[in-house]
Amino acid sequence: MAVRRRTIPLALVTAGAALTLAACGGGSGDAAAGPSTADATPGTATATATPGSGGSGGAKTGGGGGSSSGTTGGTAGTKTGGRDATSDSYAYKHLCAADQLAVSTKELDSNPDQYVISVTNHGKAACGLSSYYPRVDLGPKNAADRSHNIHPLVPGGLGGAPAVPVYAGRTVYAVLDVDPNGAKGSNGGIDEINVLADTRFPNADTHNFPMNEGATVVQHPKLGLYRDSISDAVSSMRTADTNGS
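Heads up: these notes are all about the structure in this document.

1. Quick look at the overall build of the chain
(1) Moving on: A count of helical and extended segments in the chain gives three helices and 14 strands.
(2) Moving on: Accessible surface computed for the chain: about 12500 Å², of which carbon and sulfur atoms make up 53%.

2. What about the environment of Thr199?
(1) Moving on: Looking at the element boundaries, Thr199 is found in the loop between strand 11 (192-196) and strand 12 (207-210).
(2) Moving on: According to the relative accessible area criterion, Thr199 is partly exposed, its value standing at 36%.
(3) Moving on: As for Thr199 and Pro134, which are separated by 65 residues in sequence, their C-alpha atoms are 6.8 Å apart.
(4) Moving on: Residue contacts for Thr199: discarding those within four places in its chain leaves Ser131 and Arg135.

3. With respect to the environment of Ser118
(1) Moving on: Here Ser118 lies in strand 5 (residues 114-121).
(2) Moving on: For the pair Ser118 and Thr105, spaced 13 residues apart in sequence, the C-alpha to C-alpha distance is 6.1 Å.

4. Structural notes on the pairing of strand 5
(1) Moving on: Burial analysis of strand 5 places eight of its eight residues in the buried class, the great majority of the element.
(2) Moving on: The alternating pattern of strand 5 places Gln114, Val116, Ser118 and Thr120 and Tyr115, Ile117, Val119 and Asn121 on opposite faces, both of which are buried.
(3) Moving on: Between strand 4 (residues 101-108) and strand 5, which follow one another and run antiparallel, lie five residues.
(4) Moving on: Of the pairings in the sheet, the one linking strand 5 to strand 10 (residues 171-177) comprises seven bridges and is antiparallel in character. Residue pairing across strands places Tyr115 opposite Leu176, the latter belonging to strand 10.

Cut-off values and rules
Residues numbered from 1 in each chain as written. Predicted model: local features only at pLDDT ≥ 70, side-chain atom pairs only at ≥ 80, totals over all residues. Heavy atoms only, no water. Helix = DSSP H or I, 4+ residues; strand = E, 2+ residues; numbered from the N terminus. Areas by Shrake-Rupley, 256 points an atom, 1.4 Å probe, with all protein chains shown as cover. Buried < 20%, exposed > 50% of the residue type's maximum accessible area, 1.4 Å probe, protein only. Contact = heavy atoms within 4.5 Å. Pairing = 2+ DSSP bridges.

Next comes the structure, spelled out in structure tokens:
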């Protein structure tokens, strides 16, 4: 007598195995450690961007500059298209768009001639700035000709990573000192700071910020590199020795 054997389709076996693995919590979710938060506090006077001032096109209003995180850990769990969006390598491959960044300036309580430039990523994934520092110039707010604006010195000998990573919800800082030698003289009619967060952005994405009344502006102000804390940004500014663009 012939014996008929019952077989189980291979597809059902495979599906069952997949369900078992899911129930056991398989998969990895490790994220790179995020940048350190700021350990210094800017002054309470907030500079507000003035739309349309200057010859840089339609300037945008800067957003809040403070870091939104009080921890030094990574931004866990953020995914874009199934890929880890919290690492430096992700940021290097995904450069920031101007509309995902908020830019602001504040003077430091400890030195009113020093301005903290804050760039915050309000997107859902890390992104990279292609320049090591913002493009900054200083000039009269109502000047029709910006070709004579003052450009600060910046640190020389740059190299290394191709971009500055900015994690989602985090802020990077650059510090500008308009009177690094303590001259305490006239500002020569200069009353505005113009900031472009990334040199690859068009001039229309420049933000314009008013300066303090009575501020001193010397011919060679200093600007530091983007850093994850204000104190590190101040230290970087003090090493500025090269003409910026």
